[in-house]
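# Results of the structural survey
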Amino acid sequence: MRKVITLAAKDLLLLWRDKFGLFWVAVFPLLFAVFFGSIFSMGSKGPSAISIALVDQDSTQESQAFVEKLSTMKELDAKIVGFEDAKNMVRKGRVAAYVVVEEGYSANSDFIFAGEVPIKIGSDPSRKAESAYLQGILMKTMYEGFQERMSNPVKMTEKLDEMTESMKSAVDLTDGQRKTLVDLFSGLRDFVVAADAESLDMADAGMGEIKVETVERETTSARPRSYYDISFPQSVLWGLIGCAASFALSIVYERSRGTLIRLRLAPISRVHILAGKGLACFISCVGVIILLMLFGGLIFGVNISNTLNLALAAAASAFCFVGIMMLLSILGKTERSVAGAGWSVLMIIAMLGGGMVPAMVMPSWMKTLSHLSPAKWAVYSLEGAIWRGYTLSEMMQPIGILVGIGILSFSLGAFIWSRMEA
Amino acid sequence: MIRVENLRKSFNGTVAVDGISLEVNASETFGLLGPNGAGKTTTVNMIIGLLKPDSGKVVINGTGDPTNPQIRLDIGNCPQSLSIYEDMSAEENLRFFGKMYGLKGMELSKKVDWALEFAGLTDRRSDLSRDYSGGMKRRLNLVAAMIHDPTVLILDEPTVGVDPQSRNLIFEGIEAMKREGKTVIYTTHYMEEAERLCDRVAIIDHGVILDLDTVESLIEKHGGVSVIEGDLISPPDNPETVPGMVEGTKVRIETDRPMEEFAALSGKGLKFSSVRIDKADLEAVFLNLTGRRLRD
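We now turn to the structure provided with this report.

Cut-offs used in this document
Every chain begins its residue count from 1, and numbering advances along the sequence as written. Both sets of labels track the order of writing: A upward for chains, 1 upward for ligands. Whole-chain, interface and lining totals are the exception, using all residues; otherwise, since this is a predicted model, local features are given only for residues with pLDDT of at least 70 and side-chain atom pairs are given and counted only at 80 or more. Each helix corresponds to a stretch of at least 4 residues labelled H or I by DSSP, and each strand to a stretch of at least 2 residues labelled E; elements are numbered beginning at the N terminus. We call a residue exposed when 12 or fewer other C-beta atoms sit within 10 Å of its C-beta, buried when the count reaches 20 or more, and partly exposed for counts in between; the C-beta positions come from the backbone. Residues are defined as contacting one another if the C-beta atoms placed from their backbone atoms lie within 7 Å. Basically, the charged four are Asp, Glu, Lys and Arg, the nonpolar ten are Ala, Val, Leu, Ile, Met, Phe, Trp, Tyr, Cys and Pro, and anything else, Gly included, counts as polar. For this entry, the nonpolar core is defined as buried Ala, Val, Leu, Ile, Met, Phe, Trp, Tyr and Cys residues connected by C-beta atoms within 7 Å.

A few words on the overall build of chain B. Secondary structure summary: chain B contains 10 helices and 13 strands in total. Looking at chain B as a whole, 41% of its 296 residues qualify as buried.

As structure tokens, this is what we get:
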């Protein structure tokens with residue numbers, strides 16, 4: 001093992017001294033993340049709309065008006081569906097929450113809601129911030145509706161007349177109570193008739209609370225918190241590509257410069273040589289991921305939702321690209337041929353895998369094709385740990401695929417390399 | 001020490017080595033002399049196990065497998081190409097290769113210091129190799145093969161493209177190795193190097209050994225006669241006593257022993273204003289064996 005570490009240390013030292021190679025491994029990915037993160041952030045007018053499912057259980061004119069108003073708000077991306085569908089949409093992670101306008105909404109909507117508001121929110125517990133934001137939007141909308149009604153003198157007098165009549169015929173009131181209430185509504189009516197709309201502003205009115213319930217999510221497709229959440233995993237991909245290309249070239253370099261002859265004549269096996277190269281590549285990949293994530297986290301607020309998942313994603317991605325590095329090294333016998341063929345292959349891998357255009361905005365045929373690219377799974381696993389909020393079991397799919405590709409490509413590359421060197 | 005039996009190797013139908021057999025004794029410096037493309041490097045690569053022969057056998061220290069790690073510990077190879085890491089210093093290169101051979105700690109440090117001294121690179125030990133002259137790189141290439149103190153040294157054209165000063169340093173190093181009793185296989189297409197350094201030489205061309213013997217015996221067998229040509233200050237009194245052609249003051253003598261003959265002429269009172277002695281050498285041996293010059 002000491003000889004493998006010595007071999008790896010030598011390769012890391014050579015990479016460190018190759019300033020041009022180091023640029024592609026570490027600096028270019030960083031520039032990529034910052035550049036594209038900034039560009040898209042500047043183009044955006046604010047946070048993305050919250051996707052919700054709307055359920056109207058009251059089915060009255062008032063409830064329909066309320067639902068209609070919500071569905072046209074720019075802060076919300078709302079779909080009107082049935083309750084079961086809404087619940088499933090939250091479970092599947094297709095929307096952040098559902099909003100149910102319950103029966104009785106209309107009957108209670110004329111005045112300030114006392115106690116519980118007949119509106120219910122169901123949300124994924126991991127998306128508390130979006131749920132809280134949604135509550136705020138609902139309160140504001142309900143209050144605006146109430147304020148609108150109360151600011152209309154005609155509607156207000158009609159309602160007060162209706163209530164005065166209701167008080168007069170109420171059987172559960174004493175004569176004294178009845179007289180007091182009728183006088184109150186009559187007085188109020190006179191005030192409304194005499195006042196203008198502006199003086200009826202209900203700015204300080206208080207309201208009840210909206211019920212919030214949680215719905216456990218099955219799988220997620222959460223949204224990134226900022227464009228840096230997308231650009232940094234992409235930049236990691238470029239770092240991995242830089243490492244794979246750099247170390248693939250170093251294998252060819254050793255062959256063409258003759259240092260490989262010295263290594264092969266030393267009392268070490270080919271396994272040692274390849275393990276040393278693989279270890280150096282792995283350490284570089286992990287180092288680049290740590291560097292980019294630290295930079296993203298400390299400077300650009302990229303928030304890692306699960307550190308353990310990120311560690312697993314980083315290790316699996318690094319392992320996968322070590323295998324790809326081995327496979328690239330046998331694409332030719334000269335540095336020029338491997339550099340040309342290697343970068344071509346890596347560009348296709350990156351393009352399909354979301355290294356240039358994020359997978360989430362790809363056309364569907366390209367999304368399907370992207371399953372073939374290890375880059376897609378690397379980005380997917382990193383996003384899973386950063387903003388998709390994957391559970392450990394959800395992480396297993398991309399990690400398993402990455403490790404599988406790594407084992408296959410390293411074995412195939414090592415086999416062909418051994419035959420080439422025989 | 002090293003026995004090679006009927007080695008054959010071809011690449012894509014082109015025969016590179018065609019049935020070479022030889023034996024190198026312990027503490028011997030053995031030369032493989034031949035033009036570029038003669039099959040020298042292919043032969044040494046099969047001897048050290050880098051290439052698998054199509055047929056034939058290599059036996060080193062009694063074992064038939066040069067890929068055996070224990071055998072490899074005893075072999076140091078200085079390849080024809082500069083097999084060093086140019087982005088590492090001489091010291092870093094030597095430390096790295098030393099570690100590959102299991103050296104560590106004080107022993108490694110001592111060996112590295114010795115190798116740097118041997119190569120005349122002590123003052124430049126920390127500079128990156130890419131900044132060295134061609135000769136310095138060659139010297140580093142040589143000592144990298146010697147860092148683990150092997151008993152067998154394979155030197156494949158170690159002086160290609162070096163300046164005379166570095167060449168002399170390399171020769172002195174190899175002669176020091178000879179004195180220490182190392183076994184050396186030395187490939188070259190410079191006959192002066194083979195004559196100076198090698199106890200025995202195999203003349204190789206087109207993958208075949210044309211002859212194998214000591215330098216003296218090869219010259220004796222295939223070198224032909226040496227020639228003394230000169231101008232006398234005055235014509236000889238008795239031209240018939242001169243064992244060659246005399247025309248006025250010009251003399252041309254063919255002989256097997258040119259130096260002895262020249263001494264005898266001086267003894268007879270002949271005084272030369274100028275003289276040239278064309279001594280038979282390995283170049284002549286190669287010319288006589290193949291009809292071509294070594295560097296054709």
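Of the residues lining the interface, 19 residues belong to chain A; the matching set on chain B comes to 22 residues. At the level of secondary structure, the elements contributing two or more residues to the side of chain A that touches chain B comprise helix 1 (2–17) and helix 10 (259–265) of chain A. Taken together, the residues of the side of chain A that touches chain B sort by class into nine nonpolar, three polar and seven charged.

This part is about the nonpolar core. By size, the foremost hydrophobic cluster in this structure holds 151 residues, and its most contacted members are Ala-244, Phe-321 and Met-325 of chain A together with Leu-282 of chain B. Counting residues per element, this core draws most heavily on helix 9 (residues 228–257) of chain A, which supplies 16 residues. In this structure, Leu-282 of chain B is in contact with Leu-33, Met-191, Ala-194, Glu-195, Val-201, Val-215, Leu-218 and Ile-219 of chain B, ignoring residues within four places of it in sequence. Counting residues in hydrophobic clusters, the runner-up holds 27 residues, among them Val-95, Val-100, Val-101 and Val-117 of chain A.

What follows concerns the environment of Ser-226 of chain A. Residue and element names in this part refer to chain A. Residue position: Ser-226 is located in the loop between strand 5 (209–214) and helix 9. A residue is classified by how many C-beta atoms lie within 10 Å of it, and Ser-226, with 20 of them, is buried. Distance in space between the C-alpha atoms of Ser-226 and Asn-303 is 9.5 Å, their sequence separation being 77 residues.

Bringing unusual backbone geometry into the picture now. Phi at Ser-59 of chain A takes a positive value of approximately 50°, unusual for a residue other than glycine. Mapped onto the elements of the fold, Ser-59 of chain A is located in the loop between strand 1 (50–56) and helix 3 (61–71). A positive phi angle is found at Glu-157 of chain B, which is not glycine, with a value near 45°. Residue placement: Glu-157 of chain B occurs in the loop between strand 6 (152–156) and helix 6 (164–179).

Structural measurements only, silent on function.
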